[in-house]
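Understanding the architecture of this molecule
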Amino acid sequence: MKTLGVLLVDDHILFRKGVAAVLASRPDLQVLGEAGDGLEAVERARALIPDVILMDINMPRCDGLEAVKLIKQEMPHVRIIMLTVADDDHNLFAAIKNGADGYLLKNLEPTQLFEMLAGIGRGEAPISGSLATKILNEFRQPAKIENQPAEAGSGLTPREIEVLEWIVEGKTNKEIAFALSIAEDTVKIHLRNILEKLHLHNRIQAAVYAVRQGLVQTERHPSSG
Amino acid sequence: MKRVFLLAGNPLFHQGIQTLLARRCDVELVGAETDVERAIARIRELEPDVVILEDGSHEGHSIITRILATGAKIVSLNFRENSISIYHGEQRTVHAVDDLFDAIENVEGEKGVMERSMTQPEN
């Protein structure tokens, strides 16, 4: 069983130490280290190279939104999940734009946190339910074109477009592999190629971008359960 | 050994503090609740020395008064503000987990708390 190495970043010591203690009880998780602000998070991430970072937003010296951007620039394969009390739209979309791979509110149950972390290992994007609704509502807004990559929508193969359609519908890599009758590793390769071609960081960004740019048709596939 | 009861509404914070307390041999966690009314009933039954209370998980002054009336002392934690309040003694900023255990260990005797609650404004 692969152990997920976790870096905890939060300036609230009791909360951070408490989460560390809870995660330490899990055999599939290992707390590699902790940080109390965004700059320390960058330093610890360089030293520890975690699989996952749980990152608060409001911190002194350097907040979590900036730290996500800095870490993703150096270590794009490190998954960063925001774990915060802030559920406002600004922080949510700023975090996604900066490359966050998930966004969770601190009022979640410990078992939900464990499930979300397990999902990261499967390529899923952990998002608290109420925030997923905000993202969907954002989908329904008229497209606001901001900072578009130079090659908007170009270069994707038909198969990559197919994979992107399933991503827009919120399917996991495993579900996409089943739907397309291909290996899960092949799905991951397609996703990596999609992100590289579109100059994006994660599947959430890819989904938002694809709908806004009209690269895929929404609700194309009948419910597959 | 201090007998401690935990009342915290945030589930992740609740389990985190519970796990930290379980590691200490000088603290006995006699009960833990997320619901205020269940907590009050159990506090009256269990008579802990100290109640650890998550700031914001209660209806402010009324719950503090009700807990103090049981004879237990209160150490209130505000994880958003990174602070510990000891009713009605002092307020500290948390620099380390040991700050929590120092607060539990050093809450004042019952007489002192009762006198202070009569004369000092609440934190």
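Here is a short report on the structure shown in this document. As the structure is a computational prediction, the values presented were derived from the model and not from experiment.

Attention now goes to the interface of chain A and chain B. The parts lose accessible area when they come together, and the size of an interface is often stated as this lost area. Taken together, the 19 residues of chain A in the interface contact 21 residues of chain B. When residues of chain A are sorted by the area they lose upon contact with chain B, His-12, Ile-13 and Leu-14 of chain A head the list and together hold 37% of the total. Viewed at the interface, chain B and chain A are joined by zero salt bridges. Breaking the side of chain A that touches chain B down by element, the ones donating at least two residues are helix 1 (13–24) and helix 5 (110–121) of chain A. The biggest single contributor to the side of chain A that touches chain B is helix 1 of chain A, with nine residues. Tallied by class, residues from the side of chain A that touches chain B come to twelve nonpolar, three polar and four charged.

A few words now on the pairing of strand 4 (residues 79–84) of chain A. All names here are of chain A. For strand 4, the tally of buried residues reaches five of six residues, placing the bulk of the element in the interior. Alignment of strand 3 (residues 52–55) against strand 4, held across four bridges, turns out to be parallel. Residue pairing for strand 4: Val-52 is matched across the bridge by Arg-79. Each parallel crossover has a hand, and for strand 3 linked through helix 3 (residues 64–74) to strand 4 it is right-handed. Bridge analysis of strand 4 against strand 5 (residues 102–105) gives four bridges, and the strand direction is parallel.

Across the ten residues that make up helix 10 (residues 203–212) of chain A, a large majority, eight, are buried. Taken from the residues just after helix 10 of chain A, Gly-214 of chain A is the one with a positive phi, measuring 70°.

Structurally, the position occupied by His-12 of chain A is in the loop between strand 1 (4–9) and helix 1. Look at His-12 of chain A and you get buried, because its relative accessible area is 10%. Setting aside chain neighbours within four positions, we find His-12 of chain A in contact with Asp-56 and Lys-106 of chain A together with Phe-79, Arg-80, Glu-81 and Asn-82 of chain B.

What follows is about the packing of helix 1 (residues 11–22) of chain B against helix 4 (residues 97–105) of chain B. All names here are of chain B. As a packed pair, helix 1 and helix 4 sit with axes 12 Å apart at the nearest point and diverge in direction by 70°. Taken together, the axes of helix 1 and helix 4 are roughly perpendicular relative to one another. Facing helix 1, whose interface residues are Ile-17, Leu-20 and Leu-21, helix 4 presents Val-97, Leu-100, Phe-101 and Ile-104. Here the contact of helix 1 with helix 4 is built from residues that sort into seven nonpolar, no polar and no charged.

The subject of this paragraph is the packing of helix 3 of chain A against helix 4 (residues 89–98) of chain A. Residues and elements named next belong to chain A. One can describe the packing of helix 3 onto helix 4 by two numbers: an axis separation of 9 Å at closest approach and a directional angle of 10°. As judged from the angle between their axes, helix 3 and helix 4 are roughly parallel. Between helix 3 and helix 4, the residues in contact are Leu-65, Glu-66, Val-68, Lys-69 and Lys-72 and Asn-91, Ala-94, Ala-95 and Asn-98, respectively. The residue inventory of the contact of helix 3 with helix 4, partitioned by class, reads four nonpolar, two polar and three charged.

For the rest of this paragraph, the subject is the sheet that holds strand 1 of chain A. Residue and element names in this part refer to chain A. Here we have five strands laid out as an open sheet, ordered 2-1-3-4-5, and parallel in their pairing. For this open sheet the edge positions go to strand 2 (29–35) and strand 5, each flanked by a neighbour on one side alone. Pairwise comparison of adjacent strand axes, ignoring direction, gives a mean angle of 25° for this sheet. Where strand 1 meets strand 3, four bridges bridge the pair, whose relative direction is parallel. When the sheet's bridge partners are listed, Val-6 is paired in strand 3 with Val-52. Across the sheet, helix 2 (residues 38–48) touches strand 1, strand 2 and strand 3, and the angle it forms with strand 2 is around 140°. Lying over the sheet, helix 3 contacts strand 3 and strand 4, oriented at roughly 175° with respect to strand 4.

Reading the values: the criteria
Residue numbering note: each chain is counted from 1, following its sequence as written. Think of it this way: whatever chain is written first is A, whatever ligand is written first is 1, and the rest follow in order. Residues qualify for local features only when their pLDDT is at least 70, as the model is predicted, and side-chain atom pairs are given and counted only at 80 or more; totals for whole chains, interfaces and linings, by contrast, use all residues. By convention in this description, side-chain values take in all heavy atoms of the structure and omit both hydrogens and water. Residue contacts are defined here by distance: any two heavy atoms, one from each residue, within 4.5 Å place the two residues in contact. Simply put, the buried area is the total loss of 1.4 Å probe accessible area from both parts when two parts are fitted together. Whenever a carboxyl oxygen of Asp or Glu lies within 4 Å of a side-chain nitrogen of Lys or Arg, that contact is scored as a salt bridge. We count a stretch as a helix when DSSP gives it H or I for four or more residues in a row; a strand needs E for two or more, and each element gets its number in order from the N terminus. When residue character is reported, Ala, Val, Leu, Ile, Met, Phe, Trp, Tyr, Cys and Pro are called nonpolar, Asp, Glu, Lys and Arg charged, and the others, Gly included, polar. The cut-offs for exposure are 20% and 50% of the maximum accessible area for each residue type, with area from a 1.4 Å probe on protein chains only; residues under the lower value are buried, those over the upper are exposed, and the others partly exposed. Note on pairing: two strands pair once DSSP finds at least 2 bridges between them. Crossover handedness is defined here as right-handed if the route from the first strand over the helix to the second strand goes clockwise, with the strands pointing away from the viewer. To get an axis, fit a line to the C-alpha atoms, keeping to the stretch in contact for a helix; angles then go from 0 to 180 degrees between the N-to-C directions. Throughout, the term roughly parallel applies to angles under 35 degrees, roughly antiparallel to angles over 145, roughly perpendicular to angles from 65 to 115, and oblique to all others.

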